[in-house]
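Here are the chains, one letter per residue:
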Amino acid sequence: MLRLVALGIILTAAVTIVVALLAPPSVQAQQEESYCRPPLKFAAGACVAQCPAGYEDRGRVCAFRSLSR
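Starting afresh in each chain, residues are numbered from 1 along the sequence in its written order. Two thresholds apply to this predicted model, a pLDDT of at least 70 for residue-level local features and 80 or more for giving and counting side-chain atom pairs, whereas whole-chain, interface and lining totals are computed over all residues. In computing side-chain values, all of the structure's heavy atoms are included and hydrogens and water are not.

A. Fine view of unusual backbone geometry. Residues Pro38 and Pro39 are joined by a peptide bond in cis, for which omega reads 5°. If you trace the backbone, Pro39 turns up in the loop between α2 (27-30) and β1 (41-43). Phi at Ala44 takes a positive value of approximately 55°, unusual for a residue other than glycine. Secondary structure elements are defined from DSSP: runs of H or I of at least 4 residues count as helices, runs of E of at least 2 residues count as strands, and each element is numbered from the N terminus. Relative to the helices and strands, Ala44 is located in the loop between β1 and β2 (46-48).

Next comes the structure, spelled out in structure tokens:
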């Protein structure tokens, strides 16, 4: 019985690894510059006309800037 449980755990881990390797590129990589139509910019998961406070303007993408410095 213990062998079946161990086999199930190993198979579950193997399937999880295979799915992670075969998954499409991350959502964040897809949401970069091509996500928003010009003249909008991508910031914090949305298309905006201007970068909000705390974000640095990098052309078509607004990058979060740490304010703790």
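Structure shown, so let's carry the discussion forward.
B. Focus on the pairing of strand β3 (residues 55-58). If DSSP finds at least two bridges between two strands, the strands pair. The pairing of β3 with strand β4 (residues 61-64) spans 4 bridges and is classified as antiparallel. Along β4, the bridge assignment pairs Arg58 with Val61. Following β3, the chain reverses through 2 residues before pairing antiparallel with β4; Gly59 in that reversal takes a positive phi of roughly 85°.

C. Quick peek at a nonpolar patch on the surface. Nonpolar side chains collect at one region of the surface, where Met1, Leu4, Leu7 and Leu11 lie side by side and expose about 490 Å² of accessible area between them. Note on placement: Met1 falls in the segment before α1 (2-22). Residues qualify for a patch when their relative accessible area is over 30% and they have no salt bridge, like charges being joined within 9 Å and the nonpolar side chains of Val, Leu, Ile, Met, Phe, Trp and Tyr within 5 Å. For accessible areas, the Shrake-Rupley method is used with a probe of radius 1.4 Å. Any residue's cover is judged against the shown protein chains and nothing else. The rule for a salt bridge is simple: a side-chain nitrogen of Lys or Arg has to be within 4 Å of a carboxyl oxygen of Asp or Glu.

D. Main features of the state of the cysteines. By definition, disulfides here are pairs of cysteine sulfur atoms that lie within 2.5 Å. In total, this model carries 2 disulfides according to the counting rule given. The residue that forms a disulfide with Cys36 is Cys47, at a sulfur-sulfur distance of 2.1 Å. Between Cys36 and Cys47, the disulfide has an S-S torsion of -90° and is therefore left-handed. In this pair, Cys36 is assigned in the loop between α2 and β1 and Cys47 in strand β2, connecting sequence segments 11 residues apart. With relative accessibility at 4%, the residue Cys36 sits in the buried group. Between the sulfur of Cys51 and that of Cys62 lies a disulfide, 2.0 Å long from S to S. Handedness here is read from the sign of the S-S torsion; for Cys51 and Cys62, about -80°, the answer is left-handed. Placement of Cys51 in the loop between β2 and β3 and of Cys62 in strand β4 is noted, with a sequence separation of 11 residues between them. Accessibility here uses a 1.4 Å probe with only protein chains present; expressed as a share of the type maximum, an area under 20% marks a residue as buried, one over 50% as exposed, and anything in between as partly exposed. Cys62 gets classed as buried once you look at its relative accessible area, which sits at 6%. Shown here for the chain is a disulfide pattern of 1-2, 3-4, where each number marks a bonded cysteine counted in sequence order.

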